[in-house]
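Residue-level structural notes
If you want the building blocks of each chain, they are given just below.
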Amino acid sequence: MILSVSLRSLLRHRTRTVLAIAGIGVSSALLLNMTMLAGGLTGSFEELIGLRGFTLRVTPAGSLPFDTEAGIRDAGRVAAVIRDVDGVRAVAPVLGAQLYRVVEEGDGHERVFASGVVPDDQLLYELLDGRDPAPGEVLVSQPLADAPPWTPGGEVVLAGRLDPSLGRPRDPTPFRISGTGDFVFDYAGQRSIALPLADLQRLVDRPDEVSLFGVGVVAGADEEAVAAAIERAVPGVSAYSTGDLVSALDDQLLYFRQLAAILGSVALVVTALLIGTIVTIGVRERFGEIATLRALGIARHRILSGVVAEGLLIALVGCLVGLPLGYWMAGQLDAILLDVPGIPARVSFFVIDPPRVAGALAIVIGVGVAAGLLPGARAVTAPVVSGLREEAE
Amino acid sequence: MILALAAILLLAAPQMAEAQLPEILVERRLAEQLPLAIGDTVHLRALASEGAPLPFRVGGVHERAADPSRISRNEPEVRLQLSDLEALLPDHDRVDRFAVTLDPEADQDSVIAWIESLAYGAAIYPTEALADEASTTFRVISRFHDAIGAVTILASGVFLLCVMLIRVDERRRDMGLLRLMGVSRGTVFRTIVLEAVAIAVAGSIAGAILGTLIAGVVNRYFAGVYDTTLRFATVTPDIIIVAMALGLVLGIGAGVLAALRISRTAPRRLGEGR
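Rules used throughout
- Residues numbered from 1 in each chain as written.
- Chains lettered and ligands numbered in written order.
- Predicted model: local features only at pLDDT ≥ 70, side-chain atom pairs only at ≥ 80, totals over all residues.
- Heavy atoms only, no water.
- Helix = DSSP H or I, 4+ residues; strand = E, 2+ residues; numbered from the N terminus.
- Buried < 20%, exposed > 50% of the residue type's maximum accessible area, 1.4 Å probe, protein only.
- Contact = heavy atoms within 4.5 Å.
- Areas by Shrake-Rupley, 256 points an atom, 1.4 Å probe, with all protein chains shown as cover.
- Axes fitted to C-alpha atoms, helices over the stretch in contact; angles between N-to-C directions.
- Parallel < 35°, antiparallel > 145°, perpendicular 65-115°, else oblique.
- Left-handed = near helix turned anticlockwise from the far one by under 90°.
- Nonpolar A, V, L, I, M, F, W, Y, C, P; charged D, E, K, R; others polar.
- Salt bridge = Lys/Arg side-chain N within 4 Å of Asp/Glu carboxyl O.
- Phe/Tyr/Trp six-rings, centres within 6.5 Å; stacked < 30°, edge-to-face > 60°.
- Lys NZ or Arg CZ within 6 Å of the ring centre and 35° of its normal.
- Domains from an automatic or database assignment.
- Buried area = accessible area lost by both parts, 1.4 Å probe.
- Polar contact = N/O pair within 3.5 Å; in protein donor to acceptor, adjacent residues only side chain to side chain.

Moving on: the overall build of chain B. If you tally the helices and strands in chain B, you get 9 helices and 5 strands. Here chain B holds 274 residues, and 29% of them are scored as buried. Put simply, 73% of the contacts in chain B that link residues at least 6 apart link residues at least 24 apart. Entry remark: accessible area of chain B is about 16300 Å², with carbon and sulfur atoms responsible for 61%.

This paragraph deals with the packing of helix 8 (residues 254–285) of chain A against helix 10 (residues 300–337) of chain A. Residue and element names in this part refer to chain A. Two numbers describe how helix 8 lies on helix 10: the axes approach to 11 Å, and their chain directions differ by 150°. Considering their axes alone, helix 8 and helix 10 lie roughly antiparallel with respect to each other. Considering how the two elements wind past one another, helix 8 and helix 10 form a crossing that is right-handed. Residues Phe256, Ile275, Ile278, Val279, Gly282 and Val283 of helix 8 form the contact with helix 10, whose participating residues are Val307, Glu310, Gly311, Ile314, Ala315 and Leu337. Class assignment for the residues of the contact of helix 8 with helix 10 results in 9 nonpolar, 2 polar and 1 charged.

Let's shift gears to the pattern of salt bridges. In the structure shown here, the tally under the stated rule is 17 salt bridges over all chains. Between A:Glu209 and A:Arg73 there is a salt bridge, with its nearest N and O atoms 4.0 Å apart. Of the two residues, A:Glu209 is situated in the loop between helix 5 (197–203) and strand 11 (212–217) and A:Arg73 in the loop between strand 1 (56–60) and helix 3 (75–83); the sequence distance between them amounts to 136 residues. Residue A:Glu209 is classed as buried on the basis of its relative accessible area of 10%. A relative accessible area of 49% means that A:Arg73 is categorised as partly exposed. Salt bridges linked by common partners bring B:Arg28, B:Glu32, B:Glu63 and B:Asp227 together as one network.

Time to look at the packing of aromatic side chains. Counted according to the given criterion, the structure contains 4 aromatic pairs over all chains. With 4.7 Å between their ring centres and 25° between their planes, B:Phe222 and B:Phe232 make a pair best called stacked. Of this pair, B:Phe222 sits in helix 7 (residues 185–226) while B:Phe232 sits in the loop between helix 7 and helix 8 (237–263); the two residues are 10 residues apart in sequence, bridging distant segments of the chain. The exposure class of B:Phe232 is partly exposed, given its relative accessible area of 25%. Taken together, the aromatic side chains of B:Tyr221, B:Phe222 and B:Phe232 make up a single cluster linked through ring pairs. Across from the ring centre of A:Phe54, 5.8 Å away, lies the NZ or CZ of A:Arg89, which sits over that ring.

Before going further, it helps to examine the domain arrangement of chain A. Where interface size is quoted, it is often the accessible area lost as the parts come together. All names here are of chain A. Domain parsing of chain A yields domain 1 (2–48 + 252–392) and domain 2 (56–240). On a C-alpha basis, the centres of domain 1 and domain 2 stand 51 Å from each other. Between domain 1 and domain 2, the contact holds 7 residues from the first and 8 residues from the second. Of the roughly 570 Å² buried where domain 1 meets domain 2, counting both sides, 54% is carbon and sulfur surface. Between domain 1 and domain 2 we count 2 salt bridges in total. In this structure, glutamate 126 engages arginine 346 in a salt bridge whose closest nitrogen and oxygen atoms are separated by 2.9 Å. Put simply, domain 1 and domain 2 have 3 residue pairs in polar contact (both at pLDDT 80 or more) between them. Broken down by class, the residue content of the side of domain 1 that touches domain 2 amounts to 4 nonpolar, 2 polar and 1 charged.

Dropping the structure here:
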């Protein structure tokens, strides 16, 4: 009965209730977004790092992957040393460099970012069509594949340096396009190519040098311990576990996490204010009705639970509205933030983490209950006589 | 001369009385962390080099200019003469970039064309282009803030309308009495809208004060987190005017909607309980 009284009270003021639910829906959607943002990119990035099975990165000492142009020299020997470290399953060398594609009989050039890889052990791309690049071949990223002459089967002329006196690419070398790949670390629209490591080292005159190694560890091995063992075995390098890289990213994204905390708190306050206002006014209007119920002998706790149910109901329905709205808003906000330069297209700022989402919604519902408790307690402790007199007036 | 920067390792060093050592400038935060004082001797080695550490004398302590583009990479830095840094690195006679100052009469485009004809492969950016390139991230973040702002305005608008409806609902009987006494529909309408304007003005003023206070707290908090003089939240007169205008528009809109509901209802029905 008490529940139906609460429901009737909400239905009696339909416009007010609908507005309150809409407000709570928007606030809980914002709270949901901030919950998803707080750990979204970190979780998404963690997944990306291990996507190709290489969870460690070995870089020149003190630098993060592709942070500087410094390279690891004597790469063949270093790779062999890393392979001998306990717990290492595979080693993927990568050299990153800028190349020039010769345009119109050598009069002009186009820049393109190139990665030198060992196709059998590489962490940069997933083959979409064609085949891995053999010597004299390059694999192109999707954004490049649609633009001739980068289409698979075509031929391009590449050079690693420009002639300082003529401004033309020096020592141009023809390459055939072997296929198309999904370059997992590229940002949206990035034009990248991958070619055999030895070919790139020759083009840019960096023999036996790499920018980094991706290292795969055997199942069950402790990543941190393997990283530490690599640093001991190879002087002059830093070995980062997935945890280290995620932690470095976390430091760089501190602003977003704190913004999420601030905006999430604001959304929560707005929700609490809305529910509190609606329930308080609703209870205030029914002071006389509640006094009558008490005069009839209805127990205080039943009346209180009715008032609490009112807040709970508004919060619940508000959450139901907020959930799809929040997911839609997350998609829109994600599209905005992915325009930040250098962010891989595969990561997402807003990631659905069911426990976090459930936690956020539980908080909104908890706020609804708390917002009903205060006016409810006041209504059931107020003198019955004054309530009845108010009703009579 | 350009002072090049690189990842270098500071090695603990005993105090040495070497007068002719090359000097470095140490950023204030690093000087406090280690700690270091002017005249101290430190040994530096480039992380990317296997060469031996070289001794330097701390010649001064500097405060890094507040630069929002470096806030996510907030490592402390030291500055040294280009030739001294080159001595630490495996690559010599190489710089990351040159900064070029032009004569006031010089034509920027001609100079750029001339440099491009000399240094093939070099990218030359005028100050405006460089600022534009460097601010891409902030433009994106600004768009994100705008989107969040729009959601907040939507939530505030709904909240305001809800509060106005509640206030008007509370006074249905009073309004009904006024109408029965002969007060015109228009007067009742204007009374409610005026009340909404008063609430919106009071709320906007309170919001401006609260916003200014919160901006101060946010700036103080982030200044502590990043140890920077950058300001993360600014409340300018323009922002206050826009926020107050928005508050007023929302408030008046909510008041008009609530007033329409009341003024369209027959006076005898206004007395009925809802």
